[in-house]
Structure formats: C-alpha cells, structure tokens
Amino acid sequence: MNGRVIPAGLSGSDHIPRLCDYDVSGKYGFMVDDPLTDLPPYFSPWMKIANNLQSLVKNDRLREAVHQMPLLDYTRLEGVKEWRLAHVVLSFISSGYVWVKGEEHIPKVLPRNLAIPYAGISDYLGMTPSFTHSSSVLANWKLIDPSKPAELDNMDTIIKVAGGWDESWFFMVAGAVEIDCAEGLKAILNAQQAVADCQVERLKKSLREMETSLQKMKRTLARMHERCDPDAFYNGFRPFLAGWDGAAFRNKGYNGLIYEGVNDEPMQYVGGSAAQSTSVPAFDAALSVEHTPEEDKLRAHFREYMPPAHRAFVDAITNGPSIRTFVQNFEDDVLEEAYNQCLDALKQFRTQHIQIVTRYIVIMANRKDSNKKFANQGKAGTGGTGFMKFLKNLRDATTETTLTTPTQTSEDDDKDDD
C-alpha cells in the first residue's frame, strides 16, 4: 500500500506536506493565486497578438502576425507570475499558429521568434513548451468583478484562441473545479496529520470534508452544459488544444514539431488534457487508489505536463501517513464508512467526467457534420489517448479500493455514461 501508518505517540508532523511549500493555495488550490493579466510594455508584441488571437485566427492572419513579431529577450521577465503569464501567452499563440489552417496545413517548424522564448520560459518553469492544463486553466484566469468571490459565474479567461464565451466557460469550469478542490487538499493534510497523531475523530471529520469537496467539484463540473455548446467545443476550439504527437503530424510524415533555434530535431508533446490536473491524483494518493500498470504508465506521462511543485505535492502525499491502512487496522465501522463515502464521491466525480466526455467528444465524433479540417482528431483525446477505456478503468480502480463490497458494480456505472 502507499504510505505507512505512524505508531501512536510518535509525531508525524515532519512527514505531512505544507501547501505553501508546493505552490498550492489554501484558497485557490492549484490555481495561480491572483495571476497577472498583462506583461510589461517591452512584451507588448506578444500581448497584442494574444489579446487579438481570436480575430487573427478567424481572419487567418495569425501566422502573418507571428512572422512580423520581434524576437524578444524573455530573460527580462521578472517574478514567477510574469513567467507564468508569458507561458500562457506563448502557449496560446503557438497552438493557434500550428492549427489555424487545419490539419492539412500544419507547419513543420515553429519559428524562432516564438520557439526560443517559449522553450526558454518553459525550461525556467520546469514545464513543457506546449498547450497544457496549466497554461489554459491554472494561470489563465481572472475575476470579472474583483470585488466578488472567485466563483464560476465571476471567472473569465485571460486569453482565448477561437471559442469566445464557450471556450472561456469550458476552461473556467475546470478552474472552478480546481478552486473547489482547495478545501479537499487541506482536508487531506489534516487527515494525514490525524493518522500520524492517532486522532480518530479528527480523521472522520477530515474524510467528511474531503467528501464534501469532491461533491462540490462534481456539481461544478456538471455545469459545463450551461454555457459551453458541444458543437462550439468540438468543431470550434477543441482542435486548437491538440499537441504535436498525433495522426495529423504522422500523416504529414512529421515526427513532431521543430522548434527553430532550439532543437534541430522535432519535439513531440501531447495537447491540453484534464488528465494533467493534479487535483484528482492528489485524492488518489490520499486514499491509496491503485491503478493498473497500463493506466499508471499513462498517468505518469500526463504528470510530466504538471508544474513540478504540484507533481512533488502528490509524491509527498503518497509518501505520507496512509489513511487507508490506518482505517483498515482501526476497525471502526463509522471510520470505514467515512473512508468509503469519500471513495464513492471520487468515483461519482469520475463518472460525471465520463458523461461530459461522452457528450462533448464521443457523440460529436460520430456526427457527419464535424469539422473536416480536423478529421484526424476524432475520438482521440487532445492529450493523445483513446481515452474512454482509460477513464473507465480509473473509475473502476476507485470502486475496487472500497473496503467493503461495493453496492454498485462498474457495469452499473456504465449505464450512467450515456
């Protein structure tokens, strides 16, 4: 099992991670706390393109604008928030540059005035020079009304590529889910501390708080349909979320994208994906949900697209006191039920995600009026996977972690996926 039980009377405080040590906010979770929305004047050529990206894409002027863009000295960025915003800006510009003319006209090379700063900024942050969950969600948000709370209806993206309000809503639903997770992350650490100190009532309370956080995350995710139309997603902006590792590149004989001035060899990266979020992996680690080697291989691949500190946070939880082992050994029915209910809430969140994927991708991929400019993307995820089996296997593993016989089988879950 992941982690270990620390015997009673032995302090486990040194083994419990602190949110602040891993760039995690107690208020916003993995989201950047109060991100910047603009860069210093020197970087205005980047911001001008980013702020007009939708128009440039619509009018097929983006590549022309990029070719006229000067090569800027990215080392003049100051502070992590400037670096994170710059990564967002260049991620959106690069994705737009690659996909603006459709799959048949993808470029072989990302020009040096874009590639060099993009790669340099990514290297500084320990992140990939590609479109990720981090660049599209975690650092790409702002409040519509700064005087009001950070809630879904008061959130908007800083940069959009092609989808208008549907695109903003799509990314901000994901962002609001991350914020909903914040209380759960605090509860995870409190639960591990309770295990370390053998405080059973505190552990029960923390597990209930984890469950509440997961339930809130599910309710927020279920709001996706309110302002994001499946057609606008699938045929409008989803194609721009793809990476440089799929069928479109292979069909052109390209083994990825060459970053001019950075590497003479093509570089392959998957596109943005919810699998790159750290929130659910944090719950998996806390509850000791064990996946198959096949799924773990994919999960490890997606981890490489997370901010380094967030990857380290999941490792710290994994290596901390084991909640599951403590519950197993303590033999308290109420405690076991609290643990199982937390697992059920995690399973229900995964089921909600599967339902959204079905509606927004699987059903849309079977329609005859899909965007033929991006026919090769089909039912593959923007993260490059045939994802439905992957997602269902993750959910099954969650169910199998239950300490008592589940009341609902994975076959029953499949009935809820349509």
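Calculation rules
- Residues numbered from 1 in each chain as written.
- Predicted model: local features only at pLDDT ≥ 70, side-chain atom pairs only at ≥ 80, totals over all residues.
- Heavy atoms only, no water.
- Helix = DSSP H or I, 4+ residues; strand = E, 2+ residues; numbered from the N terminus.
- Buried < 20%, exposed > 50% of the residue type's maximum accessible area, 1.4 Å probe, protein only.
- Contact = heavy atoms within 4.5 Å.
- Areas by Shrake-Rupley, 256 points an atom, 1.4 Å probe, with all protein chains shown as cover.
- Core = buried A, V, L, I, M, F, W, Y, C linked by side-chain atoms within 4.5 Å.
- Phe/Tyr/Trp six-rings, centres within 6.5 Å; stacked < 30°, edge-to-face > 60°.
- Lys NZ or Arg CZ within 6 Å of the ring centre and 35° of its normal.
- Axes fitted to C-alpha atoms, helices over the stretch in contact; angles between N-to-C directions.
- Parallel < 35°, antiparallel > 145°, perpendicular 65-115°, else oblique.
- Left-handed = near helix turned anticlockwise from the far one by under 90°.
- Nonpolar A, V, L, I, M, F, W, Y, C, P; charged D, E, K, R; others polar.

Enquirer: Any details on the overall build of the protein chain? Residues and values, ideally.
Expert: Secondary structure summary: the protein chain contains 17 helices and four strands in total. A total of 418 residues make up the protein chain; the buried ones form 56% of that total. Sequence separation of 24 or more characterises 79% of the internal contacts of the protein chain that already satisfy a separation of 6 or more. Per element, the accessible surface of the protein chain, about 17,700 Å² overall, is 47% carbon and sulfur.

Enquirer: Account for the nonpolar core, with residues named and values stated.
Expert: Membership of the largest hydrophobic core comes to 132 residues, with the highest contact counts inside it found for W46, W99, L203 and M210. Per-element accounting of this core gives the leading share, 16 residues, to helix α7 (residues 164-196). Contact partners of W46, with chain neighbours within four places excluded, come to L39, M69, L72, Y74, A86, V89, L90, I93, P117 and I121.

Enquirer: Help me get a handle on the packing of aromatic side chains, residues and values and all.
Expert: Enumeration according to the criterion identifies 23 aromatic pairs in this entry. With 6.4 Å between their ring centres and 50° between their planes, W244 and F249 make a pair best called tilted. By way of ring pairs, the aromatic residues F92, F131, F170, F171, F233, F237 and Y360 are connected into one cluster. One Lys or Arg, R63, reaches over the ring of Y97 and ends 5.3 Å from the middle of that ring. Of note, R76 hangs over the ring of Y42, and the distance from its end group to the ring centre comes to 3.8 Å.

Enquirer: Give a description of helix α13 (residues 308-318) that names residues and reports values.
Expert: Residues of α13 that are buried include every one of A309, H310, R311, F313, V314, A316 and I317, and no others. In this structure, the buried side of α13 is in contact with α6 (133-138), α7, α11 (279-287) and α12 (293-303).

Enquirer: An account of the packing of helix α1 (residues 44-51) against helix α4 (residues 80-99) is requested, with residue identities and associated values reported.
Expert: Direction vectors running N to C along α1 and α4 enclose 55°, while the axes themselves pass 10 Å from each other. Considering the angle they form, α1 stands oblique to α4. You can see that α1 and α4 cross each other, and the crossing is left-handed. Here W46, M47, I49 and A50 of α1 lie close against α4, whose contacting residues are A86, V89, L90 and I93.

Enquirer: Kindly report on the packing of helix α15 (residues 333-365) against helix α16 (residues 387-400), identifying the contributing residues and their values.
Expert: With their axes 9 Å apart at the nearest point, α15 and α16 run at an angle of 165° to one another. Compared by their axis directions, α15 and α16 come out roughly antiparallel. The interaxial crossing formed by α15 with α16 has left-handed handedness. Where α15 approaches α16, its residues L343, L346, K347, R350, T351, H353, I354, V357, T358, I361 and V362 are matched on the opposing element by F387, M388, L391, K392, L394, R395, T398 and T399. Here the contact of α15 with α16 is built from residues that sort into ten nonpolar, five polar and four charged.

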